Amino acid sequence: MSNKKPSSIFVSGPIAAQKIAEDIQKHSSKVSIGAHSIFLGQVRADEIDNKKVTAIEYTAYEEMVVEKMAVIRESFFAKYALTCMHIYHSLGRVEVGEICLFVFTSSAHRRDAIDACNEMVETIKKELPIWGKEICEDNSTVWKQNN
Amino acid sequence: MSNKKPSSIFVSGPIAAQKIAEDIQKHSSKVSIGAHSIFLGQVRADEIDNKKVTAIEYTAYEEMVVEKMAVIRESFFAKYALTCMHIYHSLGRVEVGEICLFVFTSSAHRRDAIDACNEMVETIKKELPIWGKEICEDNSTVWKQNN
Amino acid sequence: MDVQVIFFGSIIDITLVDSVLLNNCTDLDSIVNDLIERYPALANKKYFIAVNQKMVHENIKLKMGDTVALMPPFSGG
Amino acid sequence: MDVQVIFFGSIIDITLVDSVLLNNCTDLDSIVNDLIERYPALANKKYFIAVNQKMVHENIKLKMGDTVALMPPFSGG
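Here is what the cut-offs are and how they apply
- Residues numbered from 1 in each chain as written.
- Chains lettered and ligands numbered in written order.
- Predicted model: local features only at pLDDT ≥ 70, side-chain atom pairs only at ≥ 80, totals over all residues.
- Heavy atoms only, no water.
- Least-squares fit on C-alpha atoms with pLDDT ≥ 70 in both.
- Pairing = 2+ DSSP bridges.
- Helix = DSSP H or I, 4+ residues; strand = E, 2+ residues; numbered from the N terminus.
- Axes fitted to C-alpha atoms, helices over the stretch in contact; angles between N-to-C directions.
- Contact = heavy atoms within 4.5 Å.
- Buried area = accessible area lost by both parts, 1.4 Å probe.
- Salt bridge = Lys/Arg side-chain N within 4 Å of Asp/Glu carboxyl O.
- Polar contact = N/O pair within 3.5 Å; in protein donor to acceptor, adjacent residues only side chain to side chain.
- Nonpolar A, V, L, I, M, F, W, Y, C, P; charged D, E, K, R; others polar.

Caption draft 1: Local environment of the relation of the copies chain B and chain A. Turning chain B through 180° and shifting it by 0.0 Å along the axis lays it on chain A, with an RMSD of 0.0 Å. Read as a symmetry element, the transformation amounts to a two-fold axis.

Here is the structure:
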């Protein structure tokens, strides 16, 4: 799309609700937008062998994520009539109840934003080298598995 | 679902980004949630006969919307494994770039929240007695049509 | 027998009022005929009818105090 | 010839380090054999391999300064 250096999607720790509000607010000047679609992943208090998950710690192959996301972004802008697309993923520790993933797509008409957001969530889970380690209340850990 | 009186979805004027942030923040205590799906409708600067739309003015048959939404809510909670669902729609004047519709669904696993949010947006546009009048820069007006 | 008829959206551009009180209308068909007599442009207009907040697609009898709504196609969202 | 091998996620539970420098490995197969010798538990482990940030699904020749990554199934989001 452009020759500017691809930027990272990573945020250290949880994604604040305030950041989401600011991102939405910024788009009020883009008056060709008619629809925003947002997906938020929140860390869930799952139970593993009778022990409650209290947090997830995320690690990633950051350089590879940046390269992959640049290619994925381009393919999404080719496939969907998007005005913009913003993606943020946590690195490090995110407590139960906090937001670890924020996908935000905007378009003139709703189908493009909704379909792109939906497909991007699946793409992130399937294609990006990111790993979540669930930390239980007794500090034992279990590597998360996506399905 | 419950015998509490069904409440209105209507907000006077635009829906503030700050309200959206507060609603997201409130859900951090619901630790069984793993996914939130959000749809936002934003008033678009469409062009009608070479005149720019500057705002939409919404009116509704409010009592009927409340009754219909109570039935729709129940059918969505029966169909999808939702933790919660919040819906807000503007009444009155909403300027270009401002938010007029906010649909917010939450579930343990992403498919329920995403599919419910998607279907709710279609349901709102098709089933609720709400009308939008586009106001152009020269104050002429055109009744909005959904497709 | 009084029945209140309420109008919405582009229907009000024709009626220029948002409600009227009709007497001597015992069913929906007689209401519609009465309204078209008052507002001839309604005859070519597409609208849905609700009685007491419920959509109605055929002629039904009305009773004292019923509310009939004339609603053009919805355009919320 | 030096090649850097980096580990991620549950692979590090086996290697206990996040990277090693290997010499005398001219292709991917020889790297994998070398690693399984050092960390036998890797033999039963499912992982993907990337060379210089690109996924690689067959044996390829390596050159000085390449970076090989061993990545268990992804679990972001």
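Caption draft 2: Fine view of the sheet that holds strand β2 (residues 19-23) of chain C. Residue and element names in this part refer to chain C. Taken in spatial order, the 5 strands line up as β2-β1-β5-β3-β4 in an open sheet, and their pairing is mixed. The open sheet has two edge strands, β2 and β4 (54-56), and neither has a second partner. Each adjacent strand pair in this sheet contributes to an overall mean axis angle of 30°, direction not counted. Sheet topology note: the strand β1 (residues 2-7)/β2 ladder contains 5 bridges and is antiparallel. Bridge assignment links isoleucine 6 to a residue of β2, and that residue is serine 19. Helix-sheet contacts for helix α2 (residues 28-38) involve β1, β2, β3 (48-51), β4 and β5 (67-71), and the interaxial angle to β2 is about 120°.

Caption draft 3: Spotlight on the interface of chain B and chain A. Listed per partner, the contact involves 37 residues of chain B and 37 residues of chain A. Note on chain B versus chain A: buried area summed over both sides is about 3000 Å², and carbon and sulfur give 51% of it. Of all residues in chain B, the largest losses of buried area upon contact with chain A belong to Gln42, Arg44 and Arg110 of chain B, amounting jointly to 22% of the total for that side. Between chain B and chain A we count 4 salt bridges in total. With a shortest N-O distance of 2.8 Å, glutamate 122 of chain B and arginine 110 of chain A are connected by a salt bridge. Counting the contacts that link chain B with chain A gives 20 residue pairs in polar contact (both at pLDDT 80 or more). With 8 residues, the top contributor of residues to the side of chain B that touches chain A is strand β2 (residues 35-42) of chain B. Residues that form the side of chain B that touches chain A fall into these classes: 17 nonpolar, 14 polar and 6 charged. Across 7 bridges, strand β2 (residues 35-42) of chain A lies against β2 of chain B in antiparallel orientation. Looking across to β2 of chain B, one finds that histidine 36 of chain A is bridged to leucine 40 of chain B.

Caption draft 4: Summary view of the pairing of strand β5 (residues 82-95) of chain A. Residues and elements named next belong to chain A. Sheet topology note: the strand β1 (residues 10-12)/β5 ladder contains 3 bridges and is parallel. Paired with valine 11 across the two strands is serine 90, which belongs to β5. Pairing geometry for strand β4 (residues 51-60) and β5, over 4 bridges, is antiparallel. Paired with tyrosine 58 across the strands is glycine 92, a residue of β5. With 7 bridges joining them, β5 and strand β6 (residues 99-107) adopt antiparallel strand pairing. Looking at β6, one finds that cysteine 84 is bridged to serine 106. Hairpin connection between β5 and β6: a loop of 3 residues separates the two successive antiparallel strands, and glycine 97 in this loop has a positive phi of roughly 90°.

Caption draft 5: Focus on the pairing of β4 of chain A. All names here are of chain A. Sheet analysis places strand β3 (residues 47-48) next to β4, joined by 2 bridges and oriented antiparallel. Pairing of isoleucine 48 across the sheet is with lysine 51, part of β4. Between β3 and β4, which pair antiparallel one after the other, the connecting turn spans 2 residues, and aspartate 49 there sits at a positive phi close to 50°. Of the pairings in the sheet, the one linking β4 to strand β7 (residues 130-136) comprises 7 bridges and is antiparallel in character. Within β7, the residue paired with glutamate 57 across the bridge is lysine 133.

Geometry only, nothing functional implied.
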